[in-house]
Amino acid sequence: MATSLGANTYNRQNWEDADFPILCQTCLGENPYIRMTKEKYGKECKICARPFTVFRWCPGTRMRFKKTEVCQTCSKMKNVCQTCLLDLEYGLPIQVRDTGLAVKDEVPKSDVNKEYYTQNMEREIANTDGTRPVGLLGKAPSSSDMLLKLARTTPYYKRNRPHICSFWVKGECKRGEECPYRHEKPTDPDDPLADQNIKDRYYGINDPVADKLLKRASTMPRLDAPEDKSITTLYIGGLGDTVTDTELKNHFYQFGEIRTITIVQRQQCAFIQFATRQAAESAAEKSFNKLILNGRRLTVKWGRSQAARGKESIKEGVSEMGTRLDPVPGLPGALPPPPALDEEAPANYFNLDPGTSSVMNIALPPPPGINPPPPGFGPPMFHPMGHMAPPMPPPMGMRPPGHIHYPSQDPQRMGAHAAHGARHGD
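Residues numbered from 1 in each chain as written. Predicted model: local features only at pLDDT ≥ 70, side-chain atom pairs only at ≥ 80, totals over all residues. Heavy atoms only, no water.

**Notes on the overall build of the chain**
Convention followed: The numbering of helices and of strands both runs from the N terminus, where a helix is a DSSP run of H or I of at least 4 residues and a strand a run of E of at least 2. Under the scheme applied here, a residue whose accessible area is under 20% of the maximum for its type counts as buried, over 50% as exposed, and between as partly exposed, the area being computed with a 1.4 Å probe on protein chains only. In this description, contact between two residues means that some pair of their heavy atoms is separated by no more than 4.5 Å. Computed with a 1.4 Å probe, the accessible areas rest on the Shrake-Rupley method; for each residue, only the protein chains presented here act as cover.
What the chain contains, in helices and strands, is 13 helices and 11 strands. The buried share among the 426 residues of the chain stands at 27%. A separation of at least 24 residues holds for 57% of the contacts in the chain among residues at least 6 apart in sequence. Surface accessibility of the chain: about 30300 Å² in total, with carbon and sulfur atoms responsible for 54%.

And the structure:
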């Protein structure tokens, strides 16, 4: 098909001329001041094959240059970004959005039917203010629980990073830090996410990213109401420092009468108690994994009764949120309790047999340089516990009050008898 300016076989009135692209926040980048180049009729749309105005820009430092890939007519028909082809409202692939909204919008793929369909959609777009989607998407319900759970709340700027340097993978890159491409290991070529097609994403078929998100949606957790009907309190977590009780009240009062709102600033959470159980169930159902205040996704859970909280505090291996914790391998077990002490039995600190009739005194070796005494003249090794043996001092706990025992007064101490006799001899 001829597309030159002098060809009369092509309807040049369908060529698109725009002053600004239709982009999502992620593709624009985090810098509010960007410089774009505009090329009038620079390329043909990858969906309808009509020439359109191409915009090219850099979304940020150390990011790759991006450009528009489809025309604005194709973008408005599906309400998607001209560059990444993700939904402008939820930031999700078209296949996930259509599944969540139960919309089956089949765009013709043949050249003749596609051109006729595009012309009809352009007329419908011209009759609107351009702020709402057209076609079946404009007649779909405004929101979906699944889409609100999967939608991103903040832009994902990592999607604008440069591609991987193929020369670095082969070990031939000589640019070093000046290389504008990433020096990272590539992903597995057998990974389904490594094979993505822009037409499959636009038509909503065989999109690996959409298949991954739909599988995640099927395994998402649910919030079941507790069996105790007296519980009417909801736990709200992840408040941060910006969410106030007024904002919580403005959101939750629509579900029913609120009895109290308690904010624990130290743990960045709040407890909202409703007057009725029905209001609490409605608030939990419509706010679970969908509550966003001041750009923060908040956690919504059911509160616990005082009785259940007391029982769980006694249990071992149960976390504060009620989930059972697995034991950590390699840690020692709990120590056994100490044995009960009999108050009447004497304290046996050295685990000696109480039935023994003798006490063994081990003689210390003499200091170096002093000869040991001859046999028979040294201190006895064993003292019989008879009537002639000097009495042993009582234990510390059994001594009368006021009596202090010093080691030098021990009768069994070596040289104690000699020193005592010398003192009395003087």
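**Here's the deal with the pairing of strand β9 (residues 299-302)**
Condition: Strands qualify as paired when DSSP identifies two bridges or more between them.
Because side chains alternate across β9, one face comprises the buried residues Val-300 and Trp-302, and the other comprises Thr-299 and Lys-301, none of which is buried. Pairing of strand β4 (residues 233-237) with β9, which is carried by 4 bridges, proceeds in the antiparallel orientation. Each bridged residue has a counterpart across the sheet, and for Ile-236 the counterpart in β9 is Val-300.

**Examining the nonpolar core**
In plain terms, the rule: In these notes, a set of buried Ala, Val, Leu, Ile, Met, Phe, Trp, Tyr and Cys residues joined through side-chain atoms within 4.5 Å is what counts as a nonpolar core.
Counting residues in each nonpolar core, the largest one holds 20 residues, and the members touching the most others are Leu-234, Ile-236, Leu-248, Phe-252 and Phe-274. Those elements that provide at least two residues to this core are β4, α10 (245-252), β6 (269-274), α11 (277-287) and β9. Counting residues per element, this core draws most heavily on α11, at 4 residues. Once residues lying within four places of it in the same chain are set aside, the contact partners of Leu-234 are Phe-252, Ala-270, Phe-271, Ile-272, Phe-274, Ala-280, Ala-283, Ala-284, Val-300, Lys-301, Trp-302 and Gly-303. Core analysis: the second largest hydrophobic core is formed by 19 residues, Ile-47, Val-70, Val-80 and Ile-94 among them.

**Overview of the pairing of β6**
Examined bridge by bridge, β4 and β6 share 5 bridges and lie antiparallel to one another. Along β6, the bridge assignment pairs Gly-237 with Cys-269. Note that strand β5 (residues 258-264) and β6 share 6 bridges and pair antiparallel. Bridged to Ile-258 within β6 is Phe-274. Linking β5 to β6, which pair antiparallel, is a turn of 4 residues; within it Gln-268 sits at a positive phi near 55 degrees.

**Some thoughts on the sheet that holds β6**
Let me state the cut-off plainly: Note on geometry: axes are lines fitted to C-alpha atoms, helical ones only across the stretch in contact, with angles between N-to-C directions running from 0 to 180 degrees.
Ordered in space as β5-β6-β4-β9, the 4 strands form an open sheet in which the pairing is antiparallel. Sheet topology places β5 and β9 at the edges, where each strand pairs with a single neighbour. Across the sheet, the axes of successive neighbouring strands diverge by a mean angle of 20 degrees, strand direction being ignored. Lying on the sheet, α10 is in contact with β4, β5 and β6; it crosses β5 at an angle near 145 degrees. Packed on one face of the sheet, α11 meets β4, β6 and β9 and runs near 145 degrees to β9.

**Comments concerning the pattern of salt bridges**
Quick note on the threshold: In what follows, salt bridge is the name for a side-chain nitrogen of Lys or Arg lying within 4 Å of a carboxyl oxygen of Asp or Glu.
Using the criterion set out here, one finds 11 salt bridges in the structure. Asp-17 is paired through a salt bridge with Lys-40; the nearest N and O atoms lie 3.2 Å apart. Of this pair, Asp-17 sits in the segment before α1 (25-28) while Lys-40 sits in strand β1 (residues 36-44), placing them 23 residues apart in sequence. Relative accessible area serves as the criterion here: at 43%, Asp-17 is assigned to the partly exposed category.

**What about the side chain of Lys-78?**
Mapped onto the elements of the fold, Lys-78 is located in helix α2 (residues 72-78). On the basis of relative accessibility, which here comes to 2%, the residue Lys-78 falls in the buried class. Setting aside its immediate chain neighbours within four residues, Lys-78 contacts Asp-87, Ile-94, Arg-97, Asp-98, Asp-105, Val-107, Leu-137 and Tyr-202.

**Overview of helix α4 (residues 111-126)**
To be explicit about the condition: Expected span of a helix: the number of residues minus one, times 1.5 Å. The arc in question is traced by the directions running from the helix axis to the C-beta atoms.
In this model, α4 (16 residues) spans 22 Å end to end at C-alpha, consistent with the 22 Å of a helix rising 1.5 Å per residue. Burial in α4 covers these residues: Lys-114, Tyr-117, Thr-118, Met-121 and Ile-125. Summarising the axial view, the buried residues of α4 lie within an arc of 105 degrees, below the 170-degree limit, and thus occupy one face. Along α4, the residues that are exposed and aim more than 90 degrees away from the buried face are Val-112, Tyr-116, Arg-123 and Ala-126. Tucked inside the fold, the buried residues of α4 contact α2 and α8 (198-203).

**Describing the environment of Cys-58**
For Cys-58, the position within the fold is in the loop between β2 (51-57) and β3 (66-67). As a C-alpha pair, Cys-58 and Asn-160 span 102 residues in sequence and 9.0 Å in three-dimensional space. Discounting residues that sit within four places of it in the chain, Cys-58 has contacts with Ile-34, Met-63 and Phe-65.

**What to know about the packing of aromatic side chains**
Stated precisely, the cut-off is as follows: In this scheme Phe, Tyr and Trp rings, the latter by its six-membered ring, pair at centre separations within 6.5 Å, and the angle between planes marks the pair as stacked below 30 degrees, edge-to-face above 60, and tilted otherwise. We count a charge as sitting over a ring when the NZ of a lysine or the CZ of an arginine lies within 6 Å of the ring centre and within 35 degrees of the ring normal.
Summed over the entire model, instances satisfying the criterion amount to 5 aromatic pairs. With a centroid separation of 5.7 Å and 80 degrees between ring planes, the pair formed by Tyr-202 and Tyr-203 is classed as edge-to-face. Given the relative accessible area of 0%, Tyr-202 is considered buried. Taken together, the ring pairs connect Phe-252, Phe-255 and Phe-274 into an aromatic cluster. The ring of Tyr-202 has Lys-78 lying over it, and the distance from NZ or CZ to the ring centre is 5.8 Å.

**Some remarks on the sheet that holds β1**
Pairing between the strands of a sheet comes from backbone hydrogen bonds, and it takes one of two forms, parallel or antiparallel. Spatially, 3 strands are ordered β1-β2-β3 in an open sheet, and the strand pairing comes out antiparallel. Of all strands in the sheet, those with a lone pairing partner are β1 and β3, marking the two edges. Bridge count for β2 against β3 is 2 bridges, and the pairing is antiparallel. What sits directly across from Trp-57, in β3, is Lys-66.

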